[in-house]
Amino acid sequence: MNVIDVRDVQFYYDTSKDARIIDDIRFTVKENEFVSVIGPSGCGKSTLLRIIAGLIRPNSGKVFYKGREIAYPIPEISFVFQDFALMPWLTNVENVKLGLSMSKMDDDRKEKLARKLLDQFGLKGFEDSHPNVLSGGMKQRVGIARAVVSNPRVILMDEPFSALDELTAEELRGDIVRMLKSKKISVDCVIMVTHNAEEAVELSDKVVVLSDKPSHVKAIDSIHMKYPRDRHKKGYQNLVDDLYEKLER
Ligand code: ADP
């Protein structure tokens, strides 16, 4: 069964002009898939992710979550932002609890869950401090904890590692793969937007390659390689080169 079905989506920010951003995008995401959407800057990747999140509506076409049309944000789908989007006036545990603001759970339970997650994300001792004392990598761990605390079925990630230095990004990518594969983060699927082919190959079961705007799907590649994926393994660099070639074609 498809968890997410993006069906013939078109999008214009300004319908009065010929300002089509997304010409026609369709792809599906199945259970246990990690899907990356890759494409040139400005081709509408973030816009597409916001359409899947139900934050904006497509001009035509539809997106479905397990057969139900997504017309507004739903609790089953949560979002990880490129710039972390933490509230600086709240403590880290309060930021994670924001992910439970729609939940009817009592506050004690929310607090316990948020603290447990911060611990799992390597942030024990930082629960009651504010985001400004954290490094970029630690901030994004709080951002991911906030996204998963409500036990969503789908995580959407918009360039989640691109604001981090490469070493930190690599460490966090490794942690995310470990947590997903060990089911410490239990979701049905992940959709990640990136412009980085190496990152897409490291993380994804499937890569959707978009064209320049107005964008359409140029290719959908499946990557069959065991996790954790090592950049030095045979075949890895070929997959990366192949993706870059498809992007440029
Ligand atoms: P990407 O994530 O692939 O870099 P975006 O989805 O951010 O692309 O943006 C796609 C295009 O839409 C860009 O040309 C951008 O300038 C334009 N755009 C983004 N947001 C808006 C907006 N709110 N109003 C008008 N145009 C926008």
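Check the entry above for the structure.
Here the structure is a predicted model, which means the values were calculated and not measured.

Draft legend 1. Region of interest: the packing of aromatic side chains. This structure, assessed with the given rule, holds two aromatic pairs. Measuring from ring centre to ring centre gives 4.7 Å for Phe11 and Tyr13, while their planes differ by 85°; the resulting arrangement is edge-to-face. Exposure remark for Tyr13: the relative accessible area of 49% places this residue in the partly exposed category. Summarising the aromatic geometry, the rings of Phe79 and Phe81 are spaced 4.8 Å apart at their centres and angled 35° between planes, so their arrangement reads as tilted. Of the residues examined, Phe79 reaches a relative accessible area of 13% and is grouped as buried. When the ring centre of Phe161 is taken as origin, the NZ or CZ atom of Arg173, which lies over that ring, is 5.7 Å away. The ring of Tyr227 carries Arg229 above its face, with NZ or CZ at 4.0 Å from the centroid.

Draft legend 2. Region of the structure containing the site of the ligand. Neighbouring the ligand are Tyr13, Ile21, Pro40, Ser41, Gly42, Cys43, Gly44, Lys45, Ser46, Thr47 and Lys213. At 2.8 Å from an oxygen atom of the ligand is found a main-chain nitrogen or oxygen belonging to Gly42. In the complex, the protein chains occlude 57% of the 570 Å² of accessible area that the ligand would expose alone. The element contributing the most residues to the shell around the ligand is helix 1 (residues 45–52), with three residues. The class makeup of the residues in the shell around the ligand is four nonpolar, five polar and two charged.

Draft legend 3. Just the environment of Ile51, in detail. When you line up the elements, Ile51 lands in helix 1. Through-space distance from the C-alpha of Ile51 to that of Pro73 is 9.4 Å; in sequence the pair is 22 residues apart. Those residues within four positions of Ile51 in sequence are excluded, and the remaining contacts are Val9, Phe11, Ile22, Ile56, Pro58 and Val63.

Thresholds applied
- Residues numbered from 1 in each chain as written.
- Predicted model: local features only at pLDDT ≥ 70, side-chain atom pairs only at ≥ 80, totals over all residues.
- Heavy atoms only, no water.
- Phe/Tyr/Trp six-rings, centres within 6.5 Å; stacked < 30°, edge-to-face > 60°.
- Buried < 20%, exposed > 50% of the residue type's maximum accessible area, 1.4 Å probe, protein only.
- Lys NZ or Arg CZ within 6 Å of the ring centre and 35° of its normal.
- Near = heavy atom within 4 Å.
- Polar contact = N/O pair within 3.5 Å; in protein donor to acceptor, adjacent residues only side chain to side chain.
- Areas by Shrake-Rupley, 256 points an atom, 1.4 Å probe, with all protein chains shown as cover.
- Helix = DSSP H or I, 4+ residues; strand = E, 2+ residues; numbered from the N terminus.
- Nonpolar A, V, L, I, M, F, W, Y, C, P; charged D, E, K, R; others polar.
- Contact = heavy atoms within 4.5 Å.

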